[in-house]
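Reading the structure
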Amino acid sequence: MARTGFCDSRQLLDLHMTEDRQAPLRTWTNSCVRRERRVFAEGEDVGPGQHCKPTQDRRWIQRLPISAEDGIIMDYAPQDESVLSDVYEEEALLKYLNRLPGPPSLRELMPGLLRREVEVAISKLGLLYDKTYAWDIFSDMMRSQLLCSLPNAELPKHFSDASRAILVDWLIQVHEVFQFSEETLYLAVHLLNRALRLIKVSISGLQLLGVVCLFLAAKKEECLLPEVSELCYLMENAYSKKQLLRMERRVLTGLKFDLFHCPPLHFLLISASIARCSNKVVWMARYLLELSLLEGQCVVYLPAQLAGAALRLARRILQEAPSDGEMAWCIASSIHVGSEAALLSIMQIMAMAAARAHSRETRATYIKFSTIQTLHVSMHPALKAAAGLLGLSCSQT
């Protein structure tokens, strides 16, 4: 779930400072009473030092952007013209977003268009009750996702990508048994990736570590939790309740009780809503995104990059033209930060995983997305040739 707090919020200005620590000039200016200016008659000369009263009432507008270095941005704007509110966008966020090729006019219009589309998309998806805070929460998601990627994809020496994939595949099955939300699954795998690098665990305790990560994710995301005895039963009582609770304490201590994660699924749903993608494209992208959980190489990428690559690959596999033209897709693509090379690398990983998903030992995701509720996207014939769409040979898959 997206955080609503701001980790980099600044200390409020103290308006009761002593003379030694005076408030900044901007604060003093805002506290001054506005002077009434003389209205000159038509044709009357204006002398030096005299100012005409503007035709419309104007005021100082104070805005607090998302991550402005000064803390406050001041602008002089008409009071009645609400259209100008879309012009003053956060420059820090624009530098962070991926720059789109196109004429300067398109780049100037992109901030306002993106803000409106994000607010509408979050409201449609039901991720927020009040649309007023939609842009603030989305901006916090863009900043906070930097904490969700790992510096490298290397595992401890006695673990391999194959053993990790088997464990994640089993966790997906357990996740289906308890009918947890999708956010719980993505958080559980994220906690597992971090715990494998921070906690010393033997191979015999790998399954116990996976269950504990799923249990912690459920405590954060779910309303109803399974009993500890049920979790032990799913592991064929290979571990006792005491061992499970002891491992839970070790994981929480190793992670320093930091269970935050910004799931790529949220970025995917927001982007798909902005781009007006069809249901089949969305389900295909969700299938590709869940397949990336089995790939250890994907832990180094940002959630927005994973979501963008899954959506692009889904469109290419299904070869569906956008319903509202390329304009909506251009606005949605501005969310996918990073270089085109990084997105292409993720798309190659997902394409190779989708091409061999039907024949792998870890088939939980393939079976999950082969039902009528998911439009049978995992059984689409174009998936076997997905690697060829990106110029990869069959031998690489």
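Read on for an overview of the structure. Predicted, not measured: the structure shown is a model, and the values here were computed from it.

Conventions and cut-offs
Residues numbered from 1 in each chain as written. Predicted model: local features only at pLDDT ≥ 70, side-chain atom pairs only at ≥ 80, totals over all residues. Heavy atoms only, no water. Helix = DSSP H or I, 4+ residues; strand = E, 2+ residues; numbered from the N terminus. Expected span 1.5 Å × (residues − 1). Buried < 20%, exposed > 50% of the residue type's maximum accessible area, 1.4 Å probe, protein only. Axes fitted to C-alpha atoms, helices over the stretch in contact; angles between N-to-C directions. Parallel < 35°, antiparallel > 145°, perpendicular 65-115°, else oblique. Left-handed = near helix turned anticlockwise from the far one by under 90°. Contact = heavy atoms within 4.5 Å. Phe/Tyr/Trp six-rings, centres within 6.5 Å; stacked < 30°, edge-to-face > 60°. Salt bridge = Lys/Arg side-chain N within 4 Å of Asp/Glu carboxyl O.

**As for helix H12 (residues 303-318)**
- Between the first and last C-alpha of H12 there are 23 Å, a value that for 16 residues agrees with the 22 Å anticipated at 1.5 Å per step.
- With 15 of 16 residues buried, H12 is to be regarded as a mostly interior element.
- Just downstream of H12, Gln-319 is the residue with a positive phi angle, here 55 degrees.

**Examining the packing of helix H11 (residues 279-291) against H12**
- Packing of H11 against H12 brings their axes to within 8 Å, and their N-to-C directions diverge by 125 degrees. In terms of axis orientation, H11 runs oblique to H12. Judged by the sense of rotation from one axis to the other, the crossing of H11 with H12 is right-handed. Listed contacts from H12 to Lys-280, Val-281, Met-284, Ala-285, Leu-288 and Leu-289 of H11 are Leu-306, Ala-307, Ala-310, Leu-311, Leu-313, Ala-314, Arg-315, Ile-317 and Leu-318.

**What to know about the packing of aromatic side chains**
- Tallied over the full model, the rule gives four aromatic pairs.
- Here the aromatic rings of Tyr-287 and Phe-369 are separated by 5.4 Å at their centres, their planes lie at 50 degrees, and the arrangement is tilted. You can see Tyr-287 sitting in helix H11 and its partner Phe-369 sitting in the loop between helix H15 (364-368) and helix H16 (386-389), a full 82 residues away along the chain.
- Judged by relative accessible area, Tyr-287 falls into the buried class, the value being 0%.
- Phe-369 gets classed as buried once you look at its relative accessible area, which sits at 3%.
- Taken together, the aromatic side chains of Trp-283, Tyr-287 and Phe-369 make up a single cluster linked through ring pairs.

**Thoughts on unusual backbone geometry**
- Notably, Gln-179 is not glycine yet its phi reads approximately 55 degrees, a positive angle.
- Take Gln-179: its relative accessible area is 70%, and that puts it in the exposed class.
- Non-glycine residue Asn-237 carries a positive phi angle of around 55 degrees.
- For Asn-237, the position within the fold is in the loop between helix H8 (228-234) and helix H9 (241-254).

**Points about the pattern of salt bridges**
- One pass over the full model with this rule turns up twelve salt bridges.
- Between Arg-115 and Glu-119 there is a salt bridge; the shortest N-O distance is 3.6 Å. Here Arg-115 and its partner Glu-119 are both found in helix H3 (residues 104-125), four residues apart, which amounts to about one turn of the helix.
- When its relative accessible area of 24% is taken as the criterion, Arg-115 is described as partly exposed.
- Residue class for Glu-119 comes out buried when judged on its relative accessible area of 16%.
- Ionic pairing is found between Glu-176 and Lys-368, a salt bridge with its closest N-O pair at 3.6 Å.

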